[in-house]
Amino acid sequence: GIGTGSEKIDHSGGGQQSASSNAPANWTNYAINVSAGVFFAQLSRELYSTVYRQLLNHLREETPSTASHDLANLCRMAVAVYPDIGLAPMLELCVERIREEFAHGAGARNRSEHSDMRLHWHMLLLAHVLLNAGSQATVHASALIDILRFMDTHCRSTKSIELYGM
């Protein structure tokens, strides 16, 4: 499936490994992400919608424990191609899952549990897809402000606060 790789989500607050510590894997991941961006850019709007739906279905079914930044970058590149098609369903997914994880107690304690991992993943994904959404993000300003206020109220664990402050 989509999103297999070698990078683990870092719950310690120390960030990702340095580029030099895993240079071949980093270059491979970079090349795959650039290639994916080129791939998405070559698709017609109709074919993009089909491929993008498959990506969203994968994201709904799994929370990546590996390659989280790479998968978030792939999603960022996918949304950047047709933000008018891709941004709304990705925001809907992220907002729904962020609220769901807070409802299960994620982000309220200083230890990493499965729910915290899912929360952190959807916070990371949200931040990444907004990077290249352009003016399309303003269409969703109200929903974005609402989820930011919600996270401001509910983020209490160190890692959640760090991710919220990205």
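Residues numbered from 1 in each chain as written. Predicted model: local features only at pLDDT ≥ 70, side-chain atom pairs only at ≥ 80, totals over all residues. Heavy atoms only, no water.

A. Spatial organisation of the packing of helix H4 (residues 83-103) against helix H7 (residues 141-154). Interhelical geometry of H4 versus H7 gives an angle of 20° and a closest axis separation of 11 Å. Regarding the angle of H4 to H7, the classification is roughly parallel. Between H4 and H7 lies a crossing of left-handed hand. Seen from H4, the contacting residues are Leu91, Val95, Ile98, Arg99 and Phe102; seen from H7, they are Leu144, Asp146, Ile147, Phe150, Met151 and His154. Among the residues forming the contact of H4 with H7, the class breakdown is 8 nonpolar, 1 polar and 2 charged. (Axes fitted to C-alpha atoms, helices over the stretch in contact; angles between N-to-C directions. Helix = DSSP H or I, 4+ residues; strand = E, 2+ residues; numbered from the N terminus. Parallel < 35°, antiparallel > 145°, perpendicular 65-115°, else oblique. Left-handed = near helix turned anticlockwise from the far one by under 90°. Contact = heavy atoms within 4.5 Å. Nonpolar A, V, L, I, M, F, W, Y, C, P; charged D, E, K, R; others polar.)

B. Seen up close, the nonpolar core. Membership of the largest hydrophobic core comes to 39 residues, with the highest contact counts inside it found for Leu55, Leu59, Met90 and Leu125. When contributions to this core are tallied by element, the ones reaching two or more residues are helix H1 (23-42), helix H2 (45-61), helix H3 (68-81), H4, helix H5 (114-131) and H7. Other than its neighbours up to four places away in sequence, Leu59 contacts Leu71, Cys75, Met90, Leu93, Arg97, Trp121 and Leu125. (Core = buried A, V, L, I, M, F, W, Y, C linked by side-chain atoms within 4.5 Å. Buried < 20%, exposed > 50% of the residue type's maximum accessible area, 1.4 Å probe, protein only.)

C. Examining the confidence of the model for the protein chain more closely. Per-chain confidence: the protein chain averages 80 in pLDDT, with 75% of residues scoring 70 or above. Helix H8 (residues 158-164) is the least confidently modelled element of the protein chain, averaging 60 in pLDDT, while H2 averages 95, the highest of any element. (pLDDT = per-residue confidence, 0-100.)

D. Looking closely at the pattern of salt bridges. Enumeration according to the criterion identifies 4 salt bridges in this entry. Its salt-bridge partner being Arg45, residue Asp84 comes within 2.4 Å of it at the nearest N-O pair. A residue pair is termed long-range when its members are at least 10 positions apart, and Asp84 in helix H4 and Arg45 in helix H2 qualify at 39 residues. By relative accessible area, Arg45 is classed as partly exposed at 36%. One salt bridge in this structure joins Glu96 and Arg97, with 3.9 Å as the shortest N-O distance. Several salt bridges share partner residues, and in doing so they unite Glu100, Glu101 and Arg118 into one network. (Salt bridge = Lys/Arg side-chain N within 4 Å of Asp/Glu carboxyl O.)

E. Just the side chain of His122, in detail. Here His122 shows up in helix H5. Under the relative-accessibility criterion, His122 is labelled buried at 0%. Polar contacts involving the side chain of His122 include one to the main-chain carbonyl oxygen of Arg118, which spans 2.8 Å. Look past the residues within four positions of His122 in its chain and what remains in contact with it is Thr63, Cys94, Arg97 and Ile98. (Polar contact = N/O pair within 3.5 Å; in protein donor to acceptor, adjacent residues only side chain to side chain.)

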